[in-house]
Amino acid sequence: MAIQIKGIGKSFPQNGKQTNVLVNVNLTVNDGDFVSLLGPSGCGKSTLLNIIAGLEKSTLGEVIVDQQVVTGPASDRVMVFQEAALFPWLSVIDNVMFGLKIKGVSSKQAEEMAQETLKMVHLGRFTKAHPHELSGGMKQRVAIARALVMNPKYLLMDEPFGALDEQTKLLLHSELQDIWQKTKKTIIFVTHSIHEAVQLSNRIVLLGTRPGRIIKEFAIPYSQPRGKNDPNLTYIEGQIFDDLKVEIEKVMQEEVDHDYHVTPNRLPWSSDRDMGSHI
Ligand code: ADP
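All figures in this text were calculated on a predicted structure; none of them were measured in a lab.

Enquirer: Can you help me understand the sheet that holds strand β7 (residues 154–158) in this one?
Expert: The strands that make up a sheet are held in pairs by hydrogen bonds between backbone atoms, and each pair lies either parallel or antiparallel. Here we have six strands laid out as an open sheet, ordered β6-β7-β8-β3-β9-β10, and mixed in their pairing. Each having just a single partner strand, β6 (77–80) and β10 (213–219) make up the two edges of the open sheet. Adjacent strand axes in the sheet meet at a mean angle of 20°, parallel and antiparallel pairs treated alike. In terms of strand pairing, β7 meets strand β8 (residues 186–191) through five bridges, oriented parallel. If you follow aspartate 158 over to β8, its bridge partner there is valine 190.

Shown next as structure tokens:
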């Protein structure tokens, strides 16, 4: 029981009144888990991740990490965001060393650690490059290296591949699977892509919306690396879709006519089964 999320509620002021965004969220994350928080946009996934990171305060409940109540950010929980947010004036290696130096690690040791970690994300020959010289995928690799080099117990990832093209995303999926196996980190990963969640995680926690809450959990017991078109995974994707259909309809009926219904042929039932930024 590495992370215990107990009775988390969160409200935000919206249109002049407090709106419940998360209601009674309870979840235990075990050491070594790769848990995906999956749900339609706006269901509170990022808010929940931020609360676990200590970047946001909950209105109700508490998060306990290794027996300590979370009161703010800590070095055992490192976030990777959708935007890499690298320091543009620093080289790749200096970006990765930055946190180590603040922690007081000597320059020589920090450089060795950064070099090693950059090799893990296959950027060993780009250490002297600057962020403007990198593609989106390379920037995300640097962001992952910058998080890993701190050796946090928990890696919190908020749609880290959401802005990448399909090919780059697929490569990074397989590399993240390798990294998870090699480093044994506990990962909590926010996504709205069913396919991404099924490819990467050993547990998928489905969140519903209006208000955000956990509606179901799926175990994905298959070994990694996982094939993109594995029929077992495709079957689970279909099951998850059936559960989320109702939630997607709820959002759609606020945005379009009330008699709107989601049918598979109305959705972009692509290989990605992506619920998109609007639904
Ligand atoms: P998701 O990650 O599932 O897309 P978010 O956690 O980003 O959802 O947001 C959940 C809801 O909370 C949304 O309706 C969003 O507009 C609202 N929200 C998030 N942060 C704030 C904030 N700082 N102030 C007001 N509303 C917020």
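From this point, the discussion proceeds with the structure in view.
Enquirer: Where do I start with empty space enclosed by the protein in this structure?
Expert: Empty space left among the atoms is revealed by rolling a probe the size of a water molecule over them. If you walk through the whole model with that rule in mind, you get two cavities of 30 Å³ or more. Empty space within the second largest cavity amounts to approximately 40 Å³. The wall of the second largest cavity is formed by Val121, Arg141, Ile144, Phe161, Leu172, Glu175, Leu176 and Ile179. Of all the secondary-structure elements, those providing two or more residues to the lining of the second largest cavity are α4 (136–148) and α5 (166–183). The biggest single contributor to the lining of the second largest cavity is α5, with four residues. Of the residues contributing to the lining of the second largest cavity, the split by class is six nonpolar, no polar and two charged.

Enquirer: Sorry if this is basic, but what is going on with the domain arrangement of the chain here?
Expert: How large an interface is tends to be reported as the accessible area lost when its parts come together. In terms of domains, the chain is made up of domain 1 (1–76 + 152–279) and domain 2 (86–151). For domain 1 versus domain 2, the separation of C-alpha centres amounts to 27 Å. Domain 1 puts 13 residues into the contact, and the matching count from domain 2 is 12 residues. Between domain 1 and domain 2, roughly 1100 Å² of surface is buried when both sides are summed, and carbon and sulfur atoms account for 72% of that area. Of all residues in domain 1, the largest losses of buried area upon contact with domain 2 belong to Pro152, Glu175 and Ile179, amounting jointly to 37% of the total for that side. Taken together, the connections running from domain 1 to domain 2 amount to one salt bridge. In this structure, arginine 141 and glutamate 175 form a salt bridge, with 2.5 Å as the shortest nitrogen-oxygen distance. On the surface where domain 1 and domain 2 come into contact, there are three residue pairs in polar contact (both at pLDDT 80 or more).

Enquirer: Looking at this structure, how should I read the site of the ligand?
Expert: Neighbouring residues of the ligand: Phe12, Pro13, Gln14, Val21, Pro40, Ser41, Gly42, Cys43, Gly44, Lys45, Ser46 and Thr47. At a separation of 2.7 Å, an oxygen atom of the ligand approaches a polar backbone atom of glycine 42. In the model, an oxygen atom of the ligand is placed 2.5 Å from a nitrogen or oxygen of the threonine 47 side chain. Summarising the interface, the protein chains cover 61% of the accessible area of the ligand, which totals 560 Å² for the free molecule. More than half of the atoms of the ligand fall within 2 Å of the grid points belonging to the second largest pocket.

Enquirer: What am I meant to see in the packing of aromatic side chains here?
Expert: Each aromatic ring pair is characterised by the separation of its centres together with the angle its planes make. Taken as a whole and judged by the stated rule, the model has five aromatic pairs. A ring pair is formed by phenylalanine 34 and phenylalanine 189, whose centres lie 5.7 Å apart and whose planes are at 45°; its orientation type is tilted. Taken as a pair, phenylalanine 34 in strand β3 (residues 34–38) and phenylalanine 189 in strand β8 lie far apart in primary sequence, 155 residues in all. Classification of phenylalanine 189 by relative accessible area gives buried; the value is 0%. These aromatic residues form a ring-pair network of at least three members: Phe34, Phe161, Trp180 and Phe189.

Procedures and definitions
Residues numbered from 1 in each chain as written. Predicted model: local features only at pLDDT ≥ 70, side-chain atom pairs only at ≥ 80, totals over all residues. Heavy atoms only, no water. Pairing = 2+ DSSP bridges. Helix = DSSP H or I, 4+ residues; strand = E, 2+ residues; numbered from the N terminus. Axes fitted to C-alpha atoms, helices over the stretch in contact; angles between N-to-C directions. 1 Å grid on protein atoms, 1.4 Å probe; cavity = no way out; pocket = protein on both sides within 12 Å on 5 of 7 lines; lining within 4 Å. Points joined across faces, edges and corners; volume = space filled by probe spheres on them. Nonpolar A, V, L, I, M, F, W, Y, C, P; charged D, E, K, R; others polar. Domains from an automatic or database assignment. Contact = heavy atoms within 4.5 Å. Buried area = accessible area lost by both parts, 1.4 Å probe. Salt bridge = Lys/Arg side-chain N within 4 Å of Asp/Glu carboxyl O. Polar contact = N/O pair within 3.5 Å; in protein donor to acceptor, adjacent residues only side chain to side chain. Near = heavy atom within 4 Å. Areas by Shrake-Rupley, 256 points an atom, 1.4 Å probe, with all protein chains shown as cover. Sits in = over half its atoms within 2 Å of the grid points. Phe/Tyr/Trp six-rings, centres within 6.5 Å; stacked < 30°, edge-to-face > 60°. Buried < 20%, exposed > 50% of the residue type's maximum accessible area, 1.4 Å probe, protein only.

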